[in-house]
Structures are given as structure tokens and as C-alpha cells.
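A look at the structure
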Amino acid sequence: MPDATAMAVRDGTVAWLGSDDVGRAQYPDAVITDLDGGFVAPAFVDSHVHTTATGLMLTGLDLRGATSLRHCLDMVASYARKHPDSVIWGHGWDESGWPERSAPTTADVDAAVGDRIAYLARVDVHSAAASTALRRIADVGDQVPLTADAHHKVRRAARERLTARQRTEARTAALDAAAALGIAAVHECAGPEIGGLDDWLELRAHEHGVEVVGYWGEHVTTAAEAVERVAETQARGLAGDLFVDGAIGSRTAWLHEPYTDLADGCPAPTGNTYLDVGAVTAHLSACTEAGVTAGFHVIGDAAVTAVVSALETVVDRFGVAAVARCGHRLEHLEMVTDEQAARLGSWGVIASMQPNFDALWGGETGMYAQRLGVARAAGLNPFALLASQGVPLAFGSDSPVTDMNPWAAVRAATRHQTPGSAISARAAFAAATRGAWRAGGVRDGLMGTLVPGAPATYAVWDADDFEVNAPADAVQRWSTDSRSRVPVLPALGDSLPRCRQTVHRGAVIHG
């Protein structure tokens, strides 16, 4: 809290900020909690998650640590032996860092699990490996890895064989993990091809202290259809993971120029197109006319070009004010030009982004460079460019794709591997708090801050952990300007803060 040592909370709202001695005199009957050196800051919001899938990874088979194909398959086999009666649902393999640089084949998976049903999602969840038993149920061929419709079919078939208890335990685990990381709210990016309507409705009914803001990624063509779909789903908008394209790691992001590391005879050298410019325009027009938030999953440069072109048409049709009022949002937005950023900023379009993508896959030798070449890869995730053009930023994890820890996202945004693309720690923190609330439709100017009148939504951190093992060049001096509404925040080094308590609207949801 800037320039304050005490905070008074009444009825779930911040009532007062000031010095401790004045506060004790002003509120003599208050219940006093001594934080003993703890650090208080607004709680985080994760602007892009997949809750059930995150929980299935936390409670099941996490393959993100696999260092080779052999290691991955050994992890699968070990899990299968320990869990002989359930569907094998795994997540996180990434062949781009393996010595073999090859995805698991059907034969590989069968050798590890036998005749069991096994679904093993790549880390970006835009391709997967599957056992013969699952492929047979889903009626798909022997494509390796599975992408697009084939992937959606096997995922749906595996999901339908999860028990209600597995789904409930997964959601609880994911939301518990979020609360333990100082996250008070998550934006669930649901849709027909992601978890299905049943999964989304079950999540809406799931009681937990973490607030779930839902987006439903289903295409519509008329305003009446947009209104009907929002009423049916009770989602905040028809946005989130409405796929225009896929992901760079799976070579399914839609590009202007081919991938650089393609095998001979690749059927889609520039990736996949799920919605063309006409379909994007129709969805945006329908939602704008209805006053509904629209949005898309958009990664490749060709996909971004299609969306910006569609937005221009819709702006011409309805006007800038109508478009900005809807709070349309673009998820990921990894390949964007200077001109496109300027247009998006002028139209009030929100960029919901994941800084850990660059931390995991950026740099001259990372996955992006493998897929696109060093020159194209250097332009990805341009946070500084977007911020400079007035594009509102909201940060999240895309969990289970990357870790939910919001401090890791803030740190990654300040350490972008392309010079000139990083943003300040203050701006990154704002994108993970106020910016994410704004992206979710909360525009009162208070949520995500700790000022009198704001909801008491905050987290308490062990401040002594902030600078442990932090290299000298990692020390950051944060803004002490109270007008920024960003607290005085310490350095983020190799270790990250540990959450002691998370409070949302005055209610303790962790600790």
C-alpha cells in the first residue's frame, strides 16, 4: 500500500488508509490483524484460464517436466500402472525442447498404456497424442500429432469418459491453486470445442471463493443469436477461445509465410484457418449490434490481419464508440505490426496476453525461432508496442499452458527476450490486476486498487521472500507515486513471493 501502514475494511470495502496510530484511534473497536512485516497488494486476476483442464493436470498426469520422448513415455507408463482403472488424461509434452524433436506416435502411446484410453495434450493444447483405444472411440485416423477437428474429437471422447467426481475434484484443485497464488478471479475461456457446455455450466455452479468470469467461444452471425447464446450460457461475452487459428508450437497458427521447420509434404505449410475474415466480421457485427463482448483466439500474423480487417469493417459500420463500449478482446495476439497496434488502440480493443509465452519459448534459440526463424520470432508478444499505442493490456496464464503464478507473468513481462519489447514492472502489475478486471467488464476505476471505496480484494505476501537469491541486475525499484494506484513493490528475482492470505471482497479465500 503506497505511503500507508494500515488499512481499515468495513463490509467488504476499503474504508480507510493511513498510519497505524491514527487508524487505531479512529477505529478503537476494530479487530486488528498484525501482518508482521507482510506485504499487501491488490489481488491478481488471471485473464485466461481453462479451469477443469488445469485441475486435471494438477490432480493427474503433468508432462511439462519431460526432457525427452523416452522420458515422457516413461512418465505415461508409470502413471498408467499407478492408476489402472481411469482414463489417462495427460498434459504438457513439448517436443521442441527434446533431443528427438518428434511427437509421441500412436505406437509409442500404446506401448506405454496398452489398450487403455489415453489422451496426451501438447503443452499448447492445439495438438495431442492418443492411444488406439481412444482413436477408435473418436473415429479418427493415425495423424501424428492430432490437430484441428481430429484433436477436438479425441479430446471430446476422453472428456466424456471422465467421472463427475474427477471433474469436481479438478475444478476445486485449480481454484484452490489460484487462491493460493493471490488470484481472486479468473477468466474462464470456455467453448464447444474446449470443455463443452456441460463443463462450463458445472463450473458456473461450482461454489468457491475465487470469482469465475466466463467467456463462451462460439461463433454467431446475428444479434439475436448473440443475445440468445449469452442468455443460454450466462457468459460475460462470446469471446475467449473462439479460434481464428491454432498455435505456433503445433504449427497451426495461421501465417502469411510458411513455417521454417516443416517436414516435406506438410499439408498446411502456413498453419490452419478456422475462421476467415468474413466469419470474423459476421461475429463482430452481431455482437457489436447486440452490445455483447466479442473476441477471438488469434496468434499468427495472417490471423491478426484478418481480425484487424474485420474490426475495421465493423468500426465503419457501427462507429468507434460502439465498438469500444463492447470491450472486444483478443486472446494472445502474438504477431502484431505497428500499424495494427495503432488501430487496435484507437478502437479500444483489449489485448489479453500471456507474458510467460516469451519466457518459455522466446529468444534466438527458443521454440518460436525454431518454428519461424529468428527474425520473425523477435517480433512476437510486443508488450511495449501495444502499450505505447494505447492498447489496454490484461495478463493471464492460459493455464494449464503456463503456470498460473502471476508474479512469474509480471517478471516475464519485464524481462522480454527481445530488446525493446518489455514493459515496466508497474505496467505489468497493473495489467495483471486493474487491466484484467477491466478486460472482464469491471470499469469502475476502483477494482484492482486499494483506495477508500474500493472492494477489499487483496493478497498478503511474505515480503522477506521477495529478494531471496535475486541477482543484482534483477532488482527493480517500483513506483512510489500514489497517483499510479500501484503499490510500492519489491524486486522479483529467481524466487517469487509466497502468498500468505488472499481476500476477495472482504472474505478470506486462502490462508
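Model, not experiment: these values are computed from the prediction.

Counting 73 residues, the largest nonpolar core has Phe 296, Leu 333, Leu 344, Leu 386 and Phe 395 as its most contacted members. If one sorts the elements of this core by residue count, helix H11 (residues 301–318) sits on top with 10 residues. When sequence neighbours within four positions are dropped, the list of residues in contact with Phe 395 reads Val 45, Asp 46, Ser 47, Met 353, Pro 355, Phe 383, Ala 413, Ile 423, Ala 428, Ala 431, Ala 432 and Ala 436. Formed by 20 residues, the second largest nonpolar core is a distinct cluster that contains Leu 73, Tyr 79, Val 113 and Leu 120.

Pairing between sheet strands relies on hydrogen bonds along the backbone, with the strands arranged either parallel or antiparallel. With respect to topology, five strands assemble into an open sheet ordered E5-E6-E7-E8-E9, the strand pairing being mixed. Pairing within the sheet leaves two strands with one partner each, and these edge strands are strand E5 (61–62) and strand E9 (146–147). Pairing analysis gives two bridges linking E5 to strand E6 (residues 88–93), with the strands arranged parallel. Paired with Leu 61 across the two strands is Gly 90, which belongs to E6.

For the rest of this paragraph, the subject is the side chain of Thr 402. Looking at the element boundaries, Thr 402 is found in the loop between strand E16 (393–395) and helix H18 (406–414). A polar contact is formed between the side chain of Thr 402 and the backbone oxygen of Ser 397, at a distance of 2.6 Å. Setting aside chain neighbours within four positions, we find Thr 402 in contact with Arg 64, Asn 356, Phe 357, Leu 360 and Ser 397.

Right, let's get into the sheet that holds strand E3 (residues 39–42). Spatial ordering of the open sheet is given by E3-E17-E18-E19, a layout of four strands whose pairing is antiparallel. Here the strands that pair on one side only, and so sit at the sheet edges, are E3 and strand E19 (507–510). Ignoring strand direction, the axes of neighbouring strands in this sheet form an average angle of 25°. Note: strand E18 (residues 499–504) against E19, three bridges, orientation antiparallel. Each bridged residue has a counterpart across the sheet, and for Val 503 the counterpart in E19 is Val 508.

On to the pattern of salt bridges, then. Evaluated as defined, the whole model comprises 24 salt bridges. Its salt-bridge partner being Arg 122, residue Asp 94 comes within 2.9 Å of it at the nearest N-O pair. Taken together, the residues Asp 94 in the loop between E6 and helix H4 (106–113) and Arg 122 in strand E7 (residues 118–122) connect sequence positions 28 residues apart. For the pair formed by Asp 94 and Arg 122, the shared burial category is buried. In this structure, Arg 371 and Glu 95 form a salt bridge, with 2.8 Å as the shortest nitrogen-oxygen distance.

With that settled, consider the confidence of the model for the chain. Per-residue confidence for the chain averages 92 on the pLDDT scale, and 93% of its residues sit at or above 70. Contacts from residues 465–482, a stretch scored under 50 in pLDDT, to residues over four places away or in other chains number 47 contacts.

Conventions we followed
- Residues numbered from 1 in each chain as written.
- Predicted model: local features only at pLDDT ≥ 70, side-chain atom pairs only at ≥ 80, totals over all residues.
- Heavy atoms only, no water.
- Core = buried A, V, L, I, M, F, W, Y, C linked by side-chain atoms within 4.5 Å.
- Buried < 20%, exposed > 50% of the residue type's maximum accessible area, 1.4 Å probe, protein only.
- Helix = DSSP H or I, 4+ residues; strand = E, 2+ residues; numbered from the N terminus.
- Contact = heavy atoms within 4.5 Å.
- Pairing = 2+ DSSP bridges.
- Polar contact = N/O pair within 3.5 Å; in protein donor to acceptor, adjacent residues only side chain to side chain.
- Axes fitted to C-alpha atoms, helices over the stretch in contact; angles between N-to-C directions.
- Salt bridge = Lys/Arg side-chain N within 4 Å of Asp/Glu carboxyl O.
- pLDDT = per-residue confidence, 0-100.

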